[in-house]
Protein chains: 2
Amino acid sequence: MKKTKRNIYLSNIEVNEAKKLFFNEINKSIKDKKEETVSVYDSLNRISAKPIFAEISSPYFNASAMDGIAVISNKTYGADERNPKRLKINEEYIYIDTGDPIKEPFDAVIMIEDVALVDDETVEIIKAASPWQHVRPMGEDIVAGEMIIPAYHKVTPVDIGAMLCGGILDIDVIKKPRVGIIPTGTEIIEPEDNIEVGKIIDSNSVMFEAMVKTYGGIPKRYKPIPDDYELIKEKILQAVKENDIVVVNAGSSAGREDYTSKIIKEIGNLIVHGVAVKPGKPAILGNVEGKPIVGIPGYPVSAYIVFETFVKELIYKYQGIKQEKKQFIKGTLSKRLMSSLKHLEYVRMKLGKVSGKLVATPLNRGAGVTMSLVKADGITKIPKNVEGIEVGETIEIELLKDMESIENTIVSIGSHDLIMDILANMIHERYHEINLSSAHVGSLGGVMALKRGEAHISPIHLLDEKTGIYNIEHLKKYLKNKNISLIKGVKRLQGLMVKKNNPKKISSINDLEREDVVFVNRQKGSGTRILLDFKLKELNIDNSKVKGYDREMTTHMTVASAVLSGTADVGLGIQSSAKAMGLDFIPIGEEEYDFAIISEFLEDEKIKRFIEILKSKEFSVMLESLGGYKIEEPGRIINI
Amino acid sequence: MKKTKRNIYLSNIEVNEAKKLFFNEINKSIKDKKEETVSVYDSLNRISAKPIFAEISSPYFNASAMDGIAVISNKTYGADERNPKRLKINEEYIYIDTGDPIKEPFDAVIMIEDVALVDDETVEIIKAASPWQHVRPMGEDIVAGEMIIPAYHKVTPVDIGAMLCGGILDIDVIKKPRVGIIPTGTEIIEPEDNIEVGKIIDSNSVMFEAMVKTYGGIPKRYKPIPDDYELIKEKILQAVKENDIVVVNAGSSAGREDYTSKIIKEIGNLIVHGVAVKPGKPAILGNVEGKPIVGIPGYPVSAYIVFETFVKELIYKYQGIKQEKKQFIKGTLSKRLMSSLKHLEYVRMKLGKVSGKLVATPLNRGAGVTMSLVKADGITKIPKNVEGIEVGETIEIELLKDMESIENTIVSIGSHDLIMDILANMIHERYHEINLSSAHVGSLGGVMALKRGEAHISPIHLLDEKTGIYNIEHLKKYLKNKNISLIKGVKRLQGLMVKKNNPKKISSINDLEREDVVFVNRQKGSGTRILLDFKLKELNIDNSKVKGYDREMTTHMTVASAVLSGTADVGLGIQSSAKAMGLDFIPIGEEEYDFAIISEFLEDEKIKRFIEILKSKEFSVMLESLGGYKIEEPGRIINI
């Protein structure tokens, strides 16, 4: 009896070591300067390949710097208040405007304000002119032969103006590197194709296209190639011919990148296969016919990180420019981070500034979670050989967004509801400078975040079993030493979400005990979980009888998604989520979804805007269209 | 007897006041949201007009997260080391790769590493699978209905990937504002036209085009319009129809902008004419048919500042985005700055970090000096009602370049030579991260800058009259308390520069006394001025006898330019400059042009690279081609 084997021999070398091996081998072909000539009109942001020296002077001639008269300086000598001097037109003076050329015999300008008119042909002056006064000399701005910009300079609008003034119409620039992008995988379809089960939309290579443009290259995206050794080899050979850099994106299968590595071995040199970085481990670095080739794993986050780590540097090196300096900032970790000892890990972070403290909260670490990149404000690297980082530790974070926008962000941590997206959009749409970021950790998690000073507001829906009152009792209990308020939010319907037409005929919480019913749960500490446990207790149902009780999701939408996709028959959640997913909904009860807040933040301008949005007509219209909500006095503040 | 009058009634209102008046009137037309739909493929850097909600979930189905076998979880229960369980292919398991869909009846995945092969149809497992283990649930990344980006968000490559995953192919974005650019002036020619005396190349409007692109608009540049009221009016009306914002650039005549203001008065509303800012005072702000129109003065620096102040803000407001935050830094002023009380003045600054101190040196303040913008590292504003700022005061500077590149700049202050441009280029071409910036204040000025700690190196050519030794004696005298070295540079020929074929038959310094010969001088403190004064003294020539002795230029090239343009017959300067300008040259003597340096800077990596360049083969080849230079041991260091 033998184990099945797959021949995936990945190395685990460190990023810097991999870079050294890779760039040592391909530096030569990158460094050969490739130039092209472009019109100065089209040279914005291009990199000069040679120094640019002015061909003509600017101004091109001696020009009047004033409106007035041009005179011959030595004919004005002796003029003063008591001995004004009269000058004859054409012989001794001519009228001149700013910018007009000074021609012989004239060699000075007198401002029009200092000239008295005697008659049509005569003027009188009361001050002598010194030679070349009020004359802008030829070459004052740019002297022919002067260097305007050096080589390897990124052309700005001002440089363009100066080059044109200096008589330069064409300029030699570094060619933009062409980057060929080959998506592979039999399951990969174009974004415009119809999606079906088993298919994956090729979004990575379109993201790569945009990244190549951002970094100054010219992308060429090929159509997805199915998993066929010969077809992929053929396409790589074509791409190597047509481009300076080639990127091969594997599909989602772990064995997939084997094709790329084997092909590179056959037709070129496989330099590295496997880098000690997470996500991104199966990265491939090679050289085919002197051109760098990078094999990139299929999961979107891995794809992004491998592209950023290797391809971005290639594109910059090719252009002979250095990468912009990364901005780092220190923040306090709000959630324990465990990591493997075996690799460097990149963790996407959400940042927020609460009471002057920069709080960093790790986002979903899955390699497939694109949204963790969309939402990320920064990235933290956990070095190899570090097991983890504890809550409250200070960590260094590479900024992906500017600090100003992070400082203008309302940090919301707590329960999930669709309206958090709506509110985030409404406030940003009305006040472009304000952002609202939501982390979904459940109501109790949100209350704890408030306690630790990590959030401005916390959306909660916590039922006090004794009094039947929502939220206030829990805040009194958990935050008794804090000055807390509650901003009233919405009333919303909770209920059972089941497949369209309710095939399992589920009608109440009692059905969760049924042998043929699979449930999907919410995480501990969420208001919905508390509601479920309360209902089960009320009905004396043992939760071990509920199949799927241990499978936890963190949002209403992922619960709805589980029901829709068939991994569960039923879940507890809000009506708007059921509606959004086209599920049937069996109401269980109404609850109050409000915003707990540390009272001092009520003075914060961002929070004032937030409350204004809650009270707005647009918000109530939007709730109407979502369904499942009621409002009474949204934005009303209750001091606790 | 009456004074001539021109009807230029300029107001002098402050920038913020002008903005308030202007934006109050045109805000309405800017704020009406103009949208267009673009393909997500083309949406990079566009501004979303609406929030984008995912239409489909990603992944679109429950997918295997591992390579292995898909199983039915409840058929695996009970399996352990002692009681392995055997499964039958197709009925109880199927092989599955990462990314493959999990279909009924299967509901879990076992990694291939944990599967033992019994025969072709049977596998054995030693651990039970829990439901949905190693399954990536539908919607794990993006759940249908989830907001991917809010409105007024600038689309990034990652957003593009996420939108495609979420089934979004088209997106509503804010239309890019169209900016019509009308150059006016009878003397204005297109850059590709032949330049002649009296003509001015239209570089401003091409610079504006590049600025519009940089800020996110679409420029439309019209051909230059001659100074004709009706023609300009017609073009403005056309441009208002075809664009969202219109910019009219006046030629260089001070009266020119009157056309624009009068036309705006006739066909729209003239809001402001004249702003208390220098350069840029004659700015015009108006409104024609609800479209903002900005009249911009002709001098390039004025043009740049007025565009930056008003048009940039218009383009950003139109897109509903805020301008990136300006970066400010504090520096020490190295040169006294006088200013008028009447307006806010923008002064372009060269910055350098010397011994940890940020030194700010004002560049040429002329409104026409484009090169002051090309060279500027920052801009300082001198407020209205401030008379000036003294040397050594701390000033606030808006950064135009990144601090890293300023920190990697060798600051050279001293004498001028063409080789400073050559060296600046050579070092930047070889070491992209290093820059060399040269200020030309003459040899003695350079020595003083070293003394004040404002420069790393100072190029000098100072003859000691007694010993005939260059440079060393002066350094001993002026910098006796400093630890100073001299880096040997080049020997160069000084001489008289005269027009081609020497029409005035000038043959020696003695000719400067002639009645028919006009001289052009260098500034006090320059080595060349010291050389001239030494020669005059030697020959007993009274400098009051030298016509043009008081007219001072600060570089060899501007002296050469004065001779070429005919404002002087002769000047003293170096052979390479005469050669560059096509002038004849009468040698006077050879001198030594070296680099004084504070000894501790010899340890600086930048300086080591600089010395390496001086010693390089390329440098000597370059000197050969310039002519007029000799080298003996360039880069040799003499401790003083």
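Bear in mind that the values here come from a model prediction, so they are computed numbers and not experimental data. (Residues numbered from 1 in each chain as written. Chains lettered and ligands numbered in written order. Predicted model: local features only at pLDDT ≥ 70, side-chain atom pairs only at ≥ 80, totals over all residues. Heavy atoms only, no water.)

Undergrad: Would you take a moment to explain the interface of chain B and chain A for this structure?
TA: The parts lose accessible area when they come together, and the size of an interface is often stated as this lost area. The interface is formed by 115 residues belonging to chain B together with 115 residues belonging to chain A. Contact between chain B and chain A buries roughly 9800 Å² in total, counting both sides, with carbon and sulfur atoms accounting for 64%. Counting across the chain B and chain A interface gives four salt bridges. Notably, a salt bridge pairs Glu404(A) with Lys322(B), separated by 4.0 Å at the nearest N-O pair. Here chain B is connected to chain A by 22 residue pairs in polar contact (both at pLDDT 80 or more). Among the elements that make up the side of chain B that touches chain A, the one with the highest residue count is helix H2 (residues 157-165) of chain B (eight residues). Along the lines of polarity and charge, the residues of the side of chain B that touches chain A split into 57 nonpolar, 26 polar and 32 charged. (Contact = heavy atoms within 4.5 Å. Buried area = accessible area lost by both parts, 1.4 Å probe. Salt bridge = Lys/Arg side-chain N within 4 Å of Asp/Glu carboxyl O. Polar contact = N/O pair within 3.5 Å; in protein donor to acceptor, adjacent residues only side chain to side chain. Helix = DSSP H or I, 4+ residues; strand = E, 2+ residues; numbered from the N terminus. Nonpolar A, V, L, I, M, F, W, Y, C, P; charged D, E, K, R; others polar.)

Undergrad: Help me out: how do you make sense of the sheet that holds strand E18 (residues 245-249) of chain A in this one?
TA: Sheet strands line up and pair through hydrogen bonds in the backbone, either parallel or antiparallel. Residues and elements named next belong to chain A. Pairing is mixed across the open sheet formed by six strands, whose spatial order is E17-E14-E18-E22-E21-E19. In the strand order of this sheet, the two ends are held by strand E17 (218-221) and strand E19 (269-273), each with one partner. Shown here is a sheet whose adjacent strand axes are inclined to one another by a mean of 20°, direction ignored. Pairing between E19 and strand E21 (residues 284-288): four bridges, direction antiparallel. Note on E21: the bridge partner recorded for valine 272 is leucine 285. (Pairing = 2+ DSSP bridges. Axes fitted to C-alpha atoms, helices over the stretch in contact; angles between N-to-C directions.)

Undergrad: Would you mind going over helix H4 (residues 229-242) of chain B with me for this structure?
TA: Counting along an α-helix, one turn takes 3.6 residues, and residues three or four places apart therefore face a common direction. Residues and elements named next belong to chain B. End to end, H4 covers 20 Å across 14 residues, agreeing with the expected 20 Å (1.5 Å per residue, within 8%). Where H4 is concerned, the buried positions are Ile232, Lys233, Lys235, Ile236, Ala239 and Val240. Axial view of H4: buried residues confined to an arc of 165°, hence all on one face. Of the exposed residues in H4, those oriented more than 90 degrees away from the buried face are Glu234 and Lys241. For H4, the capping residue at the N-terminal end is aspartate 228, with a side-chain oxygen 3.0 Å from the backbone nitrogen of glutamate 230. (Expected span 1.5 Å × (residues − 1). Buried < 20%, exposed > 50% of the residue type's maximum accessible area, 1.4 Å probe, protein only. Arc of directions from axis to C-beta.)

Undergrad: Just to check I follow, could you spell out the side chain of Ser599(B) for this structure?
TA: All names here are of chain B. Along the chain, serine 599 turns up in the loop between strand E37 (584-598) and helix H15 (605-614). By relative accessible area, which is 11% here, serine 599 ends up buried. Polar contacts involving the side chain of serine 599 include one to the side chain of serine 485, which spans 2.8 Å. Serine 599 has contacts with Asn483, Ile484 and Ser485, leaving out every residue within four places of it along the chain.

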